Number of protein chains: 2
Amino acid sequence: MKKQILFWSMMSWMVSVGLPSFAQTVEDFKPSEVNQPGKLYPQVNSERKVRVQISAPEAKVVQLDLGGVKYDLTKDEKGVWTGESAPQQEGFHYYQLNVDGAAVPDPGTIYFYGAGRWGSGIEVPAHDADFYALKDVPHGLLSEMNYYSNLTKAWRRCFVYTPAGYGDNKDKRYPVLYLQHGSFEDETGWGRQGKTNLILDNLIAAGKAVPMLVVMDNGYATKPGEKSPFAASIFEEVLMNEVIPMIDAKFRTLSGREDRAIAGLSMGANQTMHIAMNNPGHFAYYGGFSGTSNYPSTEPLDATTFLNGKFKDAKAVNVQFKVFFLGLGTAEPHPFPGVVKAFRQMMDKQGIKYVYYESPDTAHEWLTWRRALNEFAPLLFK
Amino acid sequence: MKKQILFWSMMSWMVSVGLPSFAQTVEDFKPSEVNQPGKLYPQVNSERKVRVQISAPEAKVVQLDLGGVKYDLTKDEKGVWTGESAPQQEGFHYYQLNVDGAAVPDPGTIYFYGAGRWGSGIEVPAHDADFYALKDVPHGLLSEMNYYSNLTKAWRRCFVYTPAGYGDNKDKRYPVLYLQHGSFEDETGWGRQGKTNLILDNLIAAGKAVPMLVVMDNGYATKPGEKSPFAASIFEEVLMNEVIPMIDAKFRTLSGREDRAIAGLSMGANQTMHIAMNNPGHFAYYGGFSGTSNYPSTEPLDATTFLNGKFKDAKAVNVQFKVFFLGLGTAEPHPFPGVVKAFRQMMDKQGIKYVYYESPDTAHEWLTWRRALNEFAPLLFK
C-alpha cells in the first residue's frame, strides 16, 4: 500500500515537472545570471523552467530550442513572444531561438562558445553554486595569450589562470594544470562557462587547493593546410613541444613531472589521457571528466592492447600517477556511462588505483565539469 | 571645362559607391575576419559593401540593420536570405539582423559589447590595418581582473594589458595608461574591438612606444542602490581611490605622475578630462578621442568658467601635461566636430599646447579610436 502511494506520488511529480503543458507553472521567474546588463529575459523559476521572451511582431512561429527540444512560444497583442521549457537540470545549458526558421542567439544573454558556435547560454541555479560563486576572496587573473605555432603555422590562443599573489611573490614558482575543453568547444570554455578562475580562487582561499597555474589551450590542432575535422590532430605535439615550453619560459612555473597535471573533459579527457600515457616523464596527475580514451566503445577493454598496452603494467602506472581521477555525471547520455564503466572495469581488473567522482543529476554539461574540477584540483600537488 | 569633367566624374563615383541599387556589385566578397570559426557569412567586398546571409525559410521580411539603415534581403528557393549594404567606411561597425521584426545578432559573427548590447560586428578591412594586425612580434597578455568596489558595493571588472617581457623582467617597473570606453560600451571594448593589445604589441616591438601597462575599466559606476543611467557617476572616485591603488599594489608599476597617463573615447574622453584636471598630481598625459568635456555643446568656451576654470591658468596647464592629445575622425557626425572645435578654439585662445590628430574618413567608430591610440601611445612616458 505504501509502495502504491509512493508510485502515484512519483507519477504525479513526473507529470508536474516533466510535462509542462499539463502543469501549472510557478510564477517565481528571475532573470538568468548570464543575461546581458539590464536584460530581463531569459528567466528561470524554482521548477528550473526556462522562460524566454522576444519581440517579433511579424513572425509566424517562434521557438525556444533547448536541450534537444523545441518549445513553441505564444505571441501577445504587441507582437512579443513568450514561452517556457520543461524543467531543466541544474547548471549551465546552451540554447538558441528559432524565428520563422532562423536559428539565432537570444539577444538577452551573453554568449558562449559551445555546440560549435558562439551562442546563448542559460544558468539554472544549482543548489551547490557556492563553490563557483564570485566571492570576497583574493582573486587570480585570467589572461589571454596569443602565440604563433610553428607546427600548425597559425596563430593560436590560450588562457592562463594565475592565482592571487602570483604578482606579489616574485620569487615563488607554481605548479601547472593543463586543462582541456570538449568537442565543438574551444579555449574560452573553461574560463567562461567553466568558471575555472572562480573555482580555483575559492579552493585556494579556503586552503583546499595549493596555488597553481591553469593553462587552457585549444584542443584543435592540425598540420598546415589540413583544415577538415577529419585531419589528424597534432594537439599532443603542439602542447608538448610548444605550449609547455612557452608557459615554463613566460611564467614562474615548477617544471618537474610532480608539478604538472593534465585533465580534460569529453574529447579533452580522451586527448589528455593519450598525452599523459605517452609522456610519463611529464605528468604525475591525470583527470578525465566525462570521457576516457576508449570512447565511443563500451566494450570490455584488454589492457594488453588498449592504448598500445599503456595500462598493462599496473605497478608502473600506479607509480607514475600520484592521482588518476575520473569524473562522470549520473545523468549523462549514452555512450558516456558505458564508456567510462568499461574503462573502470579494466582499471579495477588491473589493480590500478584511481579516484572516481560522480556528479549527481547532471548530464554531459558544464555543471558536471565544474564539480569534477572542484573535486580534482584539491588532490593536486600535495 | 576641366571642372565640369571633374564634377561629372565625381557624380559618377558617388553614384557607384553611394547608391548600390543603381550600381553593379563587385563579386569579390570575402568572409569578415571577425566571423565565427568556419562561418562564411557575413562578407565584405572591395567596394566595402557588407553581404549577409541567413536561413529563415518561414520568414516574410529579413533585413540587415547597419549604420542606421535597414537593407532588405531576398530569399532563394531554399529559404536562404541574402543581401548587402551600401559601401561602408573602413573599420569596425556594429550591426544586427531583423527577422520578421525580431532584432537579433547575426549567428555568423563573434560578438562585441557596444550600442548597449552584446551583438554582431563586421570588420571592413582598412588600408592601414597593419598597425593592429596580429604579427610575429613579442606579445603581451590581456588579463581579466575581478575586484570588489567598496564605493559601489558591487563586483566590478577591469582588463589589464601587460607588455611582452613583463613576466621575465622581475624587477622592472612600468608606467600605466588608464584607457576608457564610450557610452553604451564597457571594459571589454578597448581589448576586443579596440585591438589595444595588438596596437601596443606592434608599437613596442617597433621601438615606437615604451613598454607600458594599459588598464581598461568600466566607466559606469554609481552609488549603491542607484542604478538608473541618470544616477550620478562616481567613476572618478572608483578610479582614483580603488582602481589605481589596486593596480599599483598588484602590478609592478611606476606610480609617479609622470608615469601615469589617462585617456578615453567619447564619454570616456569627457570623463577622463575631468579626472585629469581634478587630479593634477596624478597624471602628466591626457588623451581625448572623439570627445571633450564641453560635450554636447558646440558654443564658444569661456576658460574662466569652463570646468570651474581648470583651463584658466594656461601656464599651469602647460606645465601639468607633458602631452595633451585630442583625436577626431573627419567623418564624425554632429555634434562631435563642433564640440571638439569649440574646445580647441578655447585651447588656442589660452595658448595651451596640445597635439591634434585627425583620422581620415572615419566616423564615431573604432577605427578612429584605434588610430588615435596608435598616435597617442608613442608620445607617452618619454
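Residues numbered from 1 in each chain as written. Chains lettered and ligands numbered in written order. Predicted model: local features only at pLDDT ≥ 70, side-chain atom pairs only at ≥ 80, totals over all residues. Heavy atoms only, no water.

> Just to check I follow, could you spell out the relation of the copies chain B and chain A for this structure?
For these two chain copies, the linking operation is a rotation about an axis paired with a shift along it. Mapping chain B onto chain A is achieved by rotating through 180 degrees and translating by 0.0 Å along the same axis, at an RMSD of 0.0 Å. One copy is carried onto the other by what is essentially a two-fold rotation axis. For chain B, the minimum C-alpha distance to the rotation axis belongs to Ser143(B) and amounts to 2.0 Å. In this assembly the copies share their binding face: 100% of the residues contributing to the interface of chain B also contribute to that of chain A. (Least-squares fit on C-alpha atoms with pLDDT ≥ 70 in both. Contact = heavy atoms within 4.5 Å.)

> Just checking my understanding: could you explain the sheet that holds strand β1 (residues 30-31) of chain A for this structure?
All names here are of chain A. The strand order across the open sheet formed by five strands is β1-β2-β3-β7-β6, and the pairing between neighbours is antiparallel. Strands at the two margins of the open sheet, each flanked by one partner only, are β1 and β6 (74-75). Sheet topology note: the β1/strand β2 (residues 43-44) ladder contains two bridges and is antiparallel. Pairing of Pro31 across the sheet is with Gln43, part of β2. (Pairing = 2+ DSSP bridges. Helix = DSSP H or I, 4+ residues; strand = E, 2+ residues; numbered from the N terminus.)

> Is there a simple way to explain the domain arrangement of chain A in this structure?
You'll often see interface size given as the accessible area lost when the parts meet. Residue and element names in this part refer to chain A. Annotation of chain A at the domain level lists domain 1 (24-125) and domain 2 (130-379). The interface of domain 1 with domain 2 comprises 15 residues on the first partner and 16 residues on the second. Across the domain 1 to domain 2 interface the summed buried area is about 1,300 Å²; carbon plus sulfur atoms make up 46%. Counting across the interface, domain 1 meets domain 2 through two salt bridges. For the salt bridge of Glu90 with Arg371, the shortest nitrogen-to-oxygen distance reads 3.5 Å. Summed over the shared surface of domain 1 and domain 2, the number is ten residue pairs in polar contact (both at pLDDT 80 or more). Of all the secondary-structure elements, those providing two or more residues to the side of domain 1 that touches domain 2 are β8 (91-99), β10 (111-114) and β11 (117-124). Of the residues in the side of domain 1 that touches domain 2, the class split is eight nonpolar, five polar and two charged. (Domains from an automatic or database assignment. Buried area = accessible area lost by both parts, 1.4 Å probe. Salt bridge = Lys/Arg side-chain N within 4 Å of Asp/Glu carboxyl O. Polar contact = N/O pair within 3.5 Å; in protein donor to acceptor, adjacent residues only side chain to side chain. Nonpolar A, V, L, I, M, F, W, Y, C, P; charged D, E, K, R; others polar.)

> I tried to follow the interface of chain B and chain A on my own but got confused; where do I start?
Counting residues at the interface gives 45 residues for chain B and 45 residues for chain A. For the chain B and chain A pair, buried surface summed over both sides reaches about 3,700 Å², with 58% attributable to carbon and sulfur atoms. Note that Lys170(B) is salt-bridged to Asp171(A), the shortest N-O span being 2.8 Å. Our enumeration of links across chain B and chain A arrives at 14 residue pairs in polar contact (both at pLDDT 80 or more).

> Is there a simple way to explain the packing of helix α2 (residues 196-205) of chain A against helix α7 (residues 366-376) of chain A in this structure?
In a pair of packed helices, the angle between the axes and the distance between the axes together describe the arrangement. Residues and elements named next belong to chain A. One can describe the packing of α2 onto α7 by two numbers: an axis separation of 10 Å at closest approach and a directional angle of 30 degrees. The angle between the axes of α2 and α7 places the two elements in the roughly parallel class. As for the relative orientation of α2 and α7, their crossing is right-handed in sense. Contacts between α2 and α7 pair Thr196, Ile199, Leu200 and Leu203 from the former with Arg370, Leu373 and Asn374 from the latter. Looking at the contact of α2 with α7 residue by residue, the class counts come to four nonpolar, two polar and one charged. (Axes fitted to C-alpha atoms, helices over the stretch in contact; angles between N-to-C directions. Parallel < 35°, antiparallel > 145°, perpendicular 65-115°, else oblique. Left-handed = near helix turned anticlockwise from the far one by under 90°.)

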